Amino acid sequence: MDWLRDLGKALLLGLAGAAVVLLTVLGIGSIAGGLSGGLEAAKTVLLMTGSMGMFLLAGMLLVKGKKPEALSNSSGWRRHFRAAGVKTVLAAGCLAFVLAAAAADWLLRLG
């Protein structure tokens, strides 16, 4: 049960971060190129951010046995996430960014 709660918390944190990025880039892009240009820029930035996080996750998975995870064993990390490790939280955050990019793309296709 702790694992599901941690996964939900990680997805919500990722969606909050994606919303901040979306609104920031949408605002700047709307000033420069209208609403559709802002949505296109926000979608691009969200996809790039999500993919960079996935590359970071892939690197973490490749060196799994070579370096112990000091962050997930600290008491500060366990206060927020009891069962989930750093890789699970990063994967959920990347998924949230890609989902926000898909929502921006859906809004672009509507109008």
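Our structure is the block above this text.
Residues numbered from 1 in each chain as written. Predicted model: local features only at pLDDT ≥ 70, side-chain atom pairs only at ≥ 80, totals over all residues. Heavy atoms only, no water.

S.K.: Please clarify how the environment of Lys87 should be interpreted in this entry.
M.R.: The residue Lys87 is located in helix α3 (residues 86-110) in this model. Taking relative accessible area as the criterion, Lys87 reaches 16% and is therefore assigned buried. (Helix = DSSP H or I, 4+ residues; strand = E, 2+ residues; numbered from the N terminus. Buried < 20%, exposed > 50% of the residue type's maximum accessible area, 1.4 Å probe, protein only.)

S.K.: Where do I start with helix α1 (residues 2-62) in this structure?
M.R.: Think of an α-helix as 3.6 residues a turn; residues three or four steps apart then line up on the same face. Between its first and last C-alpha, α1 extends only 26 Å over 61 residues, short of the 90 Å set by a 1.5 Å rise per residue. At Gly33, α1 shows its strongest bend, of approximately 140 degrees. (Expected span 1.5 Å × (residues − 1). Bend = angle between axes of the 7 residues up to and from the residue.)

S.K.: Looking at this structure, I do not really get the packing of aromatic side chains. What am I missing?
M.R.: The relation between two aromatic rings is expressed through the spacing of the ring centres and the mutual angle of the planes. For the structure shown, the criterion picks out 0 aromatic pairs. Geometry around Phe81 places Lys9 over its ring, the cationic atom sitting 5.7 Å from the centre. (Phe/Tyr/Trp six-rings, centres within 6.5 Å; stacked < 30°, edge-to-face > 60°. Lys NZ or Arg CZ within 6 Å of the ring centre and 35° of its normal.)

S.K.: What is the right way to read the pattern of salt bridges from this model?
M.R.: Side-chain pairing between opposite charges can occur once the charged atoms of the two side chains come close. By the definition in use, this model includes 4 salt bridges. A salt bridge links Lys43 to Asp105; the nearest nitrogen and oxygen atoms lie 3.4 Å apart. Note that Lys43 is positioned in helix α1 and Asp105 in helix α3, a separation of 62 residues in sequence. For Lys43, a relative accessible area of 15% gives the class buried. Note on Asp105: relative accessible area 22%, which makes it partly exposed. The closest approach of N and O atoms between Arg109 and Asp105, which form a salt bridge, is 3.2 Å. (Salt bridge = Lys/Arg side-chain N within 4 Å of Asp/Glu carboxyl O.)

S.K.: Would you mind going over the nonpolar core with me for this structure?
M.R.: The tendency in soluble globular proteins is for nonpolar side chains to be buried as a group. If you look at the biggest cluster of nonpolar residues, it comprises 7 residues: Ala10, Trp77, Phe81, Ala84, Val86, Val89 and Ala92. No other element matches α3, which puts 3 residues into this core. Ignoring anything within four residues of it in the chain, the contact list for Phe81 reads Asp6, Lys9, Ala10, Leu13 and Val89. Listed in part, the 5 residues of the second largest apolar core include Ala18, Leu46, Phe97 and Ala100. (Core = buried A, V, L, I, M, F, W, Y, C linked by side-chain atoms within 4.5 Å. Contact = heavy atoms within 4.5 Å.)

S.K.: I keep staring at a nonpolar patch on the surface and nothing clicks. Help me out?
M.R.: Among the surface-exposed residues, Met1, Trp3 and Leu4 lie close enough to one another that they form a single nonpolar patch of about 420 Å² accessible area. By the secondary structure assignment, Leu4 is in helix α1. (Patch = residues over 30% accessible without salt bridge, like charges linked within 9 Å, V, L, I, M, F, W, Y side chains within 5 Å. Areas by Shrake-Rupley, 256 points an atom, 1.4 Å probe, with all protein chains shown as cover.)

S.K.: Whenever I open this one, the packing of α1 against α3 confuses me. Can you help?
M.R.: In helix packing, the relevant descriptors are the interaxial angle and the interaxial distance, both defined with respect to the helix axes. Where α1 contacts α3, the two axes come as close as 3 Å, and the packing angle between them is 30 degrees. The pairing of α1 with α3 is recorded here as roughly parallel in orientation. Along this stretch, α1 crosses α3, giving a crossing that reads as right-handed. Taken together, the residues that form the contact of α1 with α3 break down as 31 nonpolar, 8 polar and 4 charged. (Axes fitted to C-alpha atoms, helices over the stretch in contact; angles between N-to-C directions. Parallel < 35°, antiparallel > 145°, perpendicular 65-115°, else oblique. Left-handed = near helix turned anticlockwise from the far one by under 90°. Nonpolar A, V, L, I, M, F, W, Y, C, P; charged D, E, K, R; others polar.)

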